Amino acid sequence: MTAWRVRAVLLPDGSEVEERWVSAGGWSEVPVGDAQDLPGRLALGGLVDAHSHVSFASGHAGPIALDRHGAEANLDRYAEDGVVLIRDAGGDPRIVLALPTVSPGRPRMVAAGRHLAPHGMYFEAVHLPAEPGEVVDVALAELAAGATWVKLVADFPPAAARAASPMAVAEPTYPLDVVADLVSAVHAAGGRIAAHVTTPVVTDLVRIGIDSVEHGPALDEETITAMAVMGTAWTPTLCALLSSSPDAPVERRRLVAERRERLSQLLPIAVRQGVPVLTGSDVVGSVPREVALLVRCGLEPADALRAATTSATRFLRLGAAVAPAAVVTYNADPRDDPEVLTQPAAVVIDGVRVR
Ligand SMILES: [Zn+2]
């Protein structure tokens, strides 16, 4: 079994150089013979992508479906970035639930199944609809097939509105009593619920007991306080929420500017109150960029790094995800400049060096 010697400041909290050995069996403070030296003078146990779509790629008008090879190529790309644990936040269950949860050299995975939404209420190219009368059964079947999370699309612009305008407004997908039944059935089966939500319906969802808010640009301070009490996490997916090209319509640019201001108020409050804030790349971003955007939205660099590491592993562990024995090293301190995260010096996952 190959072991690696790390001489580095251990992130996110360390301040002095320490010596550790890491192999597929785990971390050790005791020297391991024949260990190979890893470059890099700062190290962390790997990044966590808490909102990824392994079976999707970014298309012109929303996500497009990938086959298994495409999904595996995504995993390899994430590994290059230093991502060692992924929560797949919705995809093609025939692909994501068939991928191994542990595969040395690739990020470990916990997965939801499909995006739960009725017909016409999610991107058609990648959607397997579930009507209100069947949504609980669909979720339970996917949990039985290996999903540990359930992805609820709680609001979305209807198909007709999307066809008419790129700025179509989201509407609730299921009645709240259906959502409440879904949440209790999923919890009773040992699963957890991640909810895509962009409107103020987020307040009802938190009260009903979802486990994580995905996106959440309409959160308010009161709801964040409720999340802190309930232990609800927040994956803001800033790469997606704040994306806007210079040639985007003026309405889009105005929306992004408003969101940036609102999120810059709320994210530091959420962290202060103890809400687990998590990094998620969605289809368009990356964990290193997400950390940089969290800092730009007012988080202390160490807190932004925790969102991508310790906060995420602690939260996902409740959902049975186990982070691998992994190490990612850097030549400079990402707490001084998050850009450093885009250039790892070395990445080792479950004993396999991938970079
Ligand atoms: Zn997503």
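Let me begin by describing the structure that accompanies this report. (Residues numbered from 1 in each chain as written. Predicted model: local features only at pLDDT ≥ 70, side-chain atom pairs only at ≥ 80, totals over all residues. Heavy atoms only, no water.)

Counted at 1.5 Å a residue, the expected span for helix H5 (residues 176-188) with its 13 residues is 18 Å, and the 18 Å between its end C-alpha atoms agrees. Three or more residues of H5 are buried, namely Val178, Val179, Leu182, Val183, Ala185 and Val186. Buried-residue contacts for H5 involve strand E10 (108-116), helix H3 (135-144), strand E11 (149-153), strand E14 (192-197) and helix H6 (202-208). One or two residues past the end of H5 sits Gly190, with phi positive at roughly 90°. (Helix = DSSP H or I, 4+ residues; strand = E, 2+ residues; numbered from the N terminus. Expected span 1.5 Å × (residues − 1). Buried < 20%, exposed > 50% of the residue type's maximum accessible area, 1.4 Å probe, protein only. Contact = heavy atoms within 4.5 Å.)

When the charged atoms of two side chains with opposite charge come close together, those side chains can pair. Tallied over the entire structure, the rule returns 18 salt bridges. Between Glu72 and Arg106 there is a salt bridge, with its nearest N and O atoms 3.9 Å apart. One end of the pair, Glu72, is in helix H1 (residues 68-80); the other, Arg106, is in the loop between helix H2 (93-96) and E10, and 34 residues separate them in sequence. Here Asp303 and Arg306 are joined by a salt bridge, their closest N and O atoms 2.6 Å apart. With Asp303 and Arg306 both in helix H11 (residues 301-307), this residue pair falls 3 residues apart, about one helical turn. (Salt bridge = Lys/Arg side-chain N within 4 Å of Asp/Glu carboxyl O.)

Turning to the coordination of the zinc ion, a few remarks are in order. Listed as protein donors to the zinc ion are His51 (NE2), His53 (NE2) and Asp282 (OD); their distances from the metal cover 2.1 to 2.2 Å. Mapped onto the sequence, the donors of the zinc ion take the spacing H-x1-H-x228-D. Residue classification places His51 among the buried positions, given a relative accessible area of 1%. (Donors = N, O, S within 2.8 Å, 3.2 Å for Na, K, Ca; no water.)

This paragraph deals with the packing of H3 against H5. Between H3 and H5, whose axes approach to 9 Å, the crossing angle comes to 25°. As the angle between them shows, H3 and H5 are arranged roughly parallel. When the axes of H3 and H5 are compared, the crossing they make is right-handed. Contacts between H3 and H5 involve Val135, Val136, Ala139, Leu140 and Leu143 on the former and, on the latter, Val178, Asp181, Leu182, Ala185 and Val186. (Axes fitted to C-alpha atoms, helices over the stretch in contact; angles between N-to-C directions. Parallel < 35°, antiparallel > 145°, perpendicular 65-115°, else oblique. Left-handed = near helix turned anticlockwise from the far one by under 90°.)

This brings us to the packing of helix H7 (residues 221-230) against helix H9 (residues 250-273). In the contact formed by H7 and H9, the axes pass within 9 Å of each other and the chain directions differ by 25°. As the angle between them shows, H7 and H9 are arranged roughly parallel. In the crossing of H7 with H9, the sense of the turn from one axis to the other is right-handed. Contact residues: H7 offers Glu221, Ile224, Thr225 and Ala228, while H9 offers Leu266, Ile269, Ala270 and Gln273. Here the residues of the contact of H7 with H9 sort into 5 nonpolar, 2 polar and 1 charged. (Nonpolar A, V, L, I, M, F, W, Y, C, P; charged D, E, K, R; others polar.)

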